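One-letter residues, chain by chain:
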Amino acid sequence: MNAQLSPQLQDNLVEIQDLKKWFPVQKSFLDQLLAGRKDFVRAVDGVSFNIRRGEAFGLAGESGSGKTTIGRLAIGLETPTEGKVLFDGIDLGRQNERELRHLRRRMQVIFQDPMASLNPRMTLGDSVVQGLKIHYPEAAEKHRDTLLDIFERVGLSPARYFINKYPHQISGGQRQRVVIARALITRPDLVLADEPIAMADVSVRALLLELMVQLKQEFNLTYLFITHDLATAKYICDRIGILYLGRMAEIGDLKEVYSHPLHPYTQALMAAVPVPDPHKRRTQTMPAGEIPNPINPPSGCRFHPRCPIAQAICSQEEPELRELRPGHQAACHFAEQFL
Amino acid sequence: MNDTTPPLVQIRDLSVTYKTRLGDTSAVDKVSFDIRRGEILGLVGESGCGKSTLGKALLRMIMPPGRISAGQILFNGEDILTFDDKRLRDYRGRQASMIFQDPMTSLNPVQTVEQHLTEAIQVHDAGAESQSMARRIQALIERLGIMQSRLASYPHQLSGGMRQRVMIGLGLVLNAGLIIADEATTSLDVIVEAKLVDQLREIRDVYGVTILAITHNIALVAEMADRVAVMYAGNLVELGEVNRIFDRPLHPYTQGLLASVPTTEINERKELYKMPGEPPNLARPPSGCRFHPRCPVAMPICSRYRPGLNEAAPGHWVHCWLYQDHPEKEEKTLKVAA
């Protein structure tokens, strides 16, 4: 391990620097010959941000904004096209397979669909203990106790009863708890939660959110919380980044961003979230068109073709993130008018 | 709205049963309500509450092992359960149509948008001339904001929002009076969803169609519906005007549901209500009121007898013992008095 950087000195657990991930577009041989150049889907196109130790950082955006790809890059499941990811000061791009595997016990994932991420033919106990067997084979005699303990901690009690069940024998909310237990059993520092409760029903969701907040405290976790649902993010995230078409549109403390959205895209997104109050129906019209093709993103500011306040400069110059209020950055040439 | 016109749809004691290995499962259990002409009725509930089954039953699309086991569905006064095949085909499409959640699986991948729309007209309206058909399609796509050039596109070439608009177009092209939108906006991003909601409202205003919006998203119902029906475990638990339901929900389930909806409002960072338990397995539903094991104010009677649907205030119906007289209610007050 890189011993020169002691973890205590690092304020940021994850540092993402000018990250890019371009996926090549599959084409037929003839098209390749005729087109003469390769096309890329620019899923992530120059994104930088830090995740502080112990915080819950939210990444929000519509489908195609690149949020899931950033999450995968952040824990080394994908290799960046450009830029780098530092985890606790360690550059993931410079680690070999063995070192990376060693680091992975410190980063775990909770995926969206618990039914799809649990093996239907493995008992819940076997599924959850897998991580320990891989990362800590030397401590095999302790595995069972750790397993029982983690089941109790996520609210699957009595643990002895649940470890012998199969995924189809328990409810959806309980399955989501199993997936959380599996992520936490190796005692990670960072948990990537990719839409972790999007599949759960409203009446079950509140309990799962509370559980995630409580476990974060208990296990000293740092969350990278990926969501399309701004309302859910409010209950778990300290800071939030709003992505649009592979770029960060706005980033800041969640309370700041929600109460004073400075980017026209964030404003549209906030207005679009339906409000559970029939007296407060939305009256604003929504931006024209839909999220454009990431193969040929618009020039300048990517939001300019749909932006209500766009001017000539917006199609020519790409705005940089600027700090407009303390702890609150937005990438818009004309954000000052919203201050 | 003129109260003397009969409702478009009258559902009476409707039950839908699925045969499963564990025995009969009552997905919809003795549900009765009306859908008024020209209204947007929001039907909300969680997964497995029977809301989609109810939507399908309205088009008689329940497939074995499921069946409509009891009740009546009156459309314009006629019981659709008595329709023969020919009459049923005419009813589906021309009088009532459905918009499904996932347009990618509901559209034919090898047909263009235009072919979809033309086929819908031809199947239900064999005598239609090609010129009048073209005019109808033209007017429709203009209203829905589908570009002329998109008529030649195949489903995979369209964005999710555009596909959903084509689905709405298919629902409207035959001038159906009732549109059942089953989670029609669920797979869409919020901005696209908001636009589609605007569109559904506009369609109602312009064409006067009646919309049954089936959704799990309570906030969406607040955004678009005139009246709200709440289902839980196969039962209709509450029904009323949207403002009534959101301002003064009566059923403990509705109350809990509304209190557990997250919002983006930063100042009211109030705790979400954490409803205990999970929705029941309908093969073995709880006795009495199906909500009683999760209910914070359950009384002894709730586990023994099923409450009726009671009109607690004008137009506000609730399926709960709290709002009706029963022997134990008196007992309870007596005890308090003593």
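Structure: see above.
What counts as what
Residues numbered from 1 in each chain as written. Chains lettered and ligands numbered in written order. Predicted model: local features only at pLDDT ≥ 70, side-chain atom pairs only at ≥ 80, totals over all residues. Helix = DSSP H or I, 4+ residues; strand = E, 2+ residues; numbered from the N terminus. Rg over C-alpha atoms; globule rule 2.2 N^0.38 Å. Contact = placed C-beta atoms within 7 Å. Pairing = 2+ DSSP bridges. Axes fitted to C-alpha atoms, helices over the stretch in contact; angles between N-to-C directions. Buried ≥ 20, exposed ≤ 12 C-beta atoms within 10 Å, placed from the backbone. Parallel < 35°, antiparallel > 145°, perpendicular 65-115°, else oblique. Left-handed = near helix turned anticlockwise from the far one by under 90°. Nonpolar A, V, L, I, M, F, W, Y, C, P; charged D, E, K, R; others polar.

Trainee: Is there a simple way to think about the overall build of chain A in this case?
Mentor: Looking only at helices and strands, one finds twelve helices and twelve strands in chain A. Taking 2.2 N^0.38 as the reference for a compact globule, 339 residues should give roughly 20 Å; the C-alpha atoms of chain A span a radius of gyration of 22 Å, in line with that estimate. Taken along its principal axes, the extent of the C-alpha atoms in chain A is 65 × 55 × 50 Å. Contacts in chain A between residues far apart in sequence, at least 24 positions, make up 68% of those at least 6 positions apart.

Trainee: How should the sheet that holds strand β2 (residues 40–52) of chain A be read in this particular structure?
Mentor: Within a sheet, neighbouring strands are paired by backbone hydrogen bonds and run either parallel or antiparallel to one another. All names here are of chain A. With antiparallel pairing, four strands are arranged side by side in an open sheet as β2-β1-β4-β5. Edge positions in the open sheet fall to β2 and β5 (90–91), since each of these has one partner strand only. As judged from the two bridges shared by strand β4 (residues 82–87) and β5, these two strands associate in the antiparallel manner. Its bridge partner being in β5, L86 is matched across the sheet by D91.

Trainee: Honestly, the sheet that holds strand β2 (residues 23–35) of chain B in this entry has me stumped. Any pointers?
Mentor: Residue and element names in this part refer to chain B. The sheet built from four strands is open, its strands ordered β2-β1-β4-β5 with antiparallel pairing. Of all strands in the sheet, those bounded by a partner on one side alone are β2 and β5 (78–79). Each of β1 (9–20), β2 and β4 (66–75) is contacted by helix α1 (residues 51–58), which is oriented at about 65° to β2, the strand it contacts most.

Trainee: Explanation requested: unusual backbone geometry in the structure shown.
Mentor: Peptide bonds are trans in most cases, and residues, glycine excluded, mostly fall at negative phi. For the peptide bond that leads from S157(A) to P158(A), omega is 0°, which places it in the cis range. Among the structural elements, P158(A) can be located in the loop between α6 (143–153) and α7 (159–162). Along the chain, P64(B) connects to P65(B) via a cis peptide bond; the corresponding omega equals 10°. Within the secondary structure layout, P65(B) lies in the loop between α1 and β4. Unlike most non-glycine residues, D13(B) shows phi in positive territory, near 50°. Tracing the backbone through its elements, the reader meets D13(B) in strand β1.

Trainee: Help me out: how do you make sense of helix α10 (residues 252–259) of chain B in this one?
Mentor: What sets the pattern is the α-helix's 3.6 residues per turn: residues three or four places apart point alike. Within α10(B), six of the eight residues are buried, leaving the element largely enclosed by the surrounding structure. Here the buried face of α10(B) lies against α9 (202–218) of chain A together with α8 (218–224), β9 (227–232), β10 (235–241) and α9 (242–247) of chain B.

Trainee: Just checking my understanding: could you explain the packing of helix α12 (residues 264–272) of chain A against helix α7 (residues 190–207) of chain B for this structure?
Mentor: The axes of two packed helices give the description: the angle between them and the distance between them. The contact between α12(A) and α7(B) brings their axes to 8 Å, and the two run at 55°. For the element pair α12(A) / α7(B), the angle class is oblique. Considering only the axes of α12(A) and α7(B), their crossing is left-handed. Between α12(A) and α7(B), the residues in contact are A268(A), L269(A) and A272(A) and V190(B), I191(B) and A194(B), respectively. For the contact of α12(A) with α7(B), a count of residues per class yields six nonpolar, no polar and no charged.

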